[in-house]
Amino acid sequence: MRGKLIVILLAGVLLESTIISFPITLIIVSVYVLSVGADTVKWAFFGGLLLDFLAIRALGETSIFFLSMSWVISRYKKKLHFGNIIYFIIFLSCVSTFYGFLFFRFVTGLNVVGSLAIGAFILGIVKLIVKGDELDKSKIKI
Amino acid sequence: MGKKNLIYSLLVAAVVIFIADYFSLLGFIKNPLDAIVIPLKRTIYSASILVKNFGDVIGKYPQLADLISKEQNLNQNNEELTFRLKILEEENTKLRQQLGVSTPRAYKLIASPVISVTRFMEIGAGESEGIKAGMIVVDGSTLVGKVVQTSLRRSKIMLPTDSEINIAAKSNRGTRGLVTGQFGTNIIFDKVLQKDLLLLGDVVVTTGESEFPPNLVIGTVVSINSPDVSPYKSAKIEAPIDYKTASTVFVISS
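Residues numbered from 1 in each chain as written. Chains lettered and ligands numbered in written order. Predicted model: local features only at pLDDT ≥ 70, side-chain atom pairs only at ≥ 80, totals over all residues.

A. Quick look at the overall build of chain A. Check the secondary structure of chain A and you find six helices and zero strands. Here chain A holds 142 residues, and 43% of them are scored as buried. Residue pairs in contact within chain A that sit at least 24 positions apart in sequence constitute 57% of those at least 6 positions apart. (Helix = DSSP H or I, 4+ residues; strand = E, 2+ residues; numbered from the N terminus. Buried ≥ 20, exposed ≤ 12 C-beta atoms within 10 Å, placed from the backbone. Contact = placed C-beta atoms within 7 Å.)

Here's what the structure looks like:
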């Protein structure tokens, strides 16, 4: 299961660093952290480092962004989960807009809509790969 | 380790790595890895160009006969113009010699393969080939961009479509302005005085001010925006080359 998720993350990193100006790695990482859980924070760290290296950015720059985003998700976990789709949409829109300004220096409405669509697509894939009981259910614990 | 502690530890590690890289202490790890990264990125980039070109071929298939006849005409024109150019160059050289004027300065170029194009263009040549930040990149007489960052074997180029680039430019009618990028896809010829003449089809070139050499082609004016309330007008420019499908570019080293 983890192997497949890592392959998707690597594919995202390669695409973003080679042919597209779109925050696909950010979307993958945010979906992982939201759906699979805290273990994926390590992937956010290593994925960010790899993206920095491949895209000739300062090493650690993207990792810091991804980890800060993971911290926000864990801090506001009761609000940020897939059961509350409005908060998730707002969160992903804000975070992809901020990322776009920071790393691509532009954001268009189409990019934000694309981020949401790809986020939904990746979530669908993650749900197919990860068995239901392995998905992060901590938010529904009482 | 708790979830929060794990995030904090990794954040500290990322900050330490960031600082170490800022002071160029991680070159011993990054430089050997370039040897793997360059062919990998080049393969992915070439595959993406193939896919884009395949889409173009399918889209233009109905006009194939037309395109073939156009190509034949262009080839014929090209041969005639090349012949005329050769005669004019010889004539020009002789006249310069007679008048005692030195020949125009030729640039020393470093050919570099393109390995990726996202916000920046990345080339598979870096400090080991003598490339430094600030050098200008061309394709023929067309401006491709400016080197903004280098590693041992790779360099990052800021394209004219980037919103952070500012190039002093003029049109073939002498109208001056400033070229900058918009949304990572468009090139804008901005800060053109309303009184200055600017028409569709005008060619925009570098003026030679700041770090860009003179007379490098940036593009052709395809639309003009002239608001009544502003002292300036702007124009959208179309570059003669597609940056997203370039395969080799040349860095001006001197």
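B. Molecular detail of the overall build of chain B. When its secondary structure is counted, chain B shows three helices and twelve strands. Whereas a compact globule of 254 residues would reach a radius of gyration of roughly 18 Å, chain B reaches 23 Å, over 25% beyond that. Overall, chain B is about 75 × 55 × 45 Å in size when its C-alpha atoms are taken along their principal axes. In chain B, which comprises 254 residues, the share counted as buried stands at 29%. Taking the contacts inside chain B whose residues are at least 6 apart along the sequence as the reference set, 55% of them involve residues at least 24 apart. (Rg over C-alpha atoms; globule rule 2.2 N^0.38 Å.)

C. Structural context of the confidence of the model for chain B. Averaged over all residues, the pLDDT of chain B equals 89, while 97% of them reach at least 70. Summarising per-element confidence for chain B, the mean pLDDT is lowest in helix 2 (residues 27-60) of chain B (87) and highest in strand 5 (residues 155-158) of chain B (94). (pLDDT = per-residue confidence, 0-100.)

D. Summary view of the nonpolar core. Grouped together as the largest cluster of nonpolar side chains are 84 residues, with contacts concentrated most on Leu67(A), Val179(B), Phe189(B), Ile218(B) and Ile237(B). For Leu67(A), the residues in contact, after removing those within four places along its chain, are Val41(A), Ala44(A), Phe45(A), Ile7(B), Leu10(B), Leu11(B) and Ala14(B). (Core = buried A, V, L, I, M, F, W, Y, C linked by C-beta atoms within 7 Å.)

E. How the structure looks around the packing of helix 3 (residues 41-54) of chain A against helix 4 (residues 61-75) of chain A. Residue and element names in this part refer to chain A. One can describe the packing of helix 3 onto helix 4 by two numbers: an axis separation of 7 Å at closest approach and a directional angle of 155°. Relative to helix 4, the element helix 3 lies roughly antiparallel. Relative to helix 4, the crossing made by helix 3 is right-handed. Residues Val41, Ala44, Phe45, Gly47, Gly48, Leu49, Leu51 and Asp52 of helix 3 lie in contact with helix 4, whose contacting residues are Glu61, Thr62, Ser63, Phe65, Phe66, Leu67 and Ser70. (Axes fitted to C-alpha atoms, helices over the stretch in contact; angles between N-to-C directions. Parallel < 35°, antiparallel > 145°, perpendicular 65-115°, else oblique. Left-handed = near helix turned anticlockwise from the far one by under 90°.)

F. Broad picture of the interface of chain B and chain A. Tallying the contact residues gives 33 residues for chain B and 27 residues for chain A. By residue number, the principal contributor to the side of chain B that touches chain A is helix 1 (residues 3-22) of chain B, which donates twelve residues. Among the residues forming the side of chain B that touches chain A, the class breakdown is 15 nonpolar, seven polar and eleven charged. (Nonpolar A, V, L, I, M, F, W, Y, C, P; charged D, E, K, R; others polar.)

G. The environment of Leu26(A), seen in detail. Residue and element names in this part refer to chain A. Residue position: leucine 26 is located in helix 2 (residues 24-35). The spatial distance from the C-alpha of leucine 26 to the C-alpha of threonine 62 is 9.1 Å, given a sequence separation of 36 residues. With near-sequence residues (within four places) excluded, leucine 26 lies in contact with Val95, Ser96 and Tyr99.

H. Up close: the confidence of the model for chain A. Per-residue pLDDT for chain A averages 83, and the proportion of residues at 70 or more is 89%. Taken element by element, chain A is modelled with least confidence in helix 6 (residues 109-129) of chain A, mean pLDDT 85, and with most confidence in helix 3 of chain A, mean pLDDT 91.

I. Fine view of the environment of Ile252(B). All names here are of chain B. Structurally, isoleucine 252 is set in strand 12 (residues 248-252). Isoleucine 252 sits 101 residues away from serine 151 along the chain, and the two C-alpha atoms are 17 Å apart. Residue contacts for isoleucine 252: discarding those within four places in its chain leaves Tyr107, Leu109, Met135, Ile136, Val138 and Pro213.

J. The arrangement of unusual backbone geometry in detail. All names here are of chain B. Of note in this structure, phenylalanine 183 is not a glycine but carries a positive phi near 55°. Structurally, phenylalanine 183 is set in the loop between strand 7 (176-182) and strand 8 (186-193). The exposure class assigned to phenylalanine 183 is partly exposed, which follows from the 16 C-beta atoms found within 10 Å.

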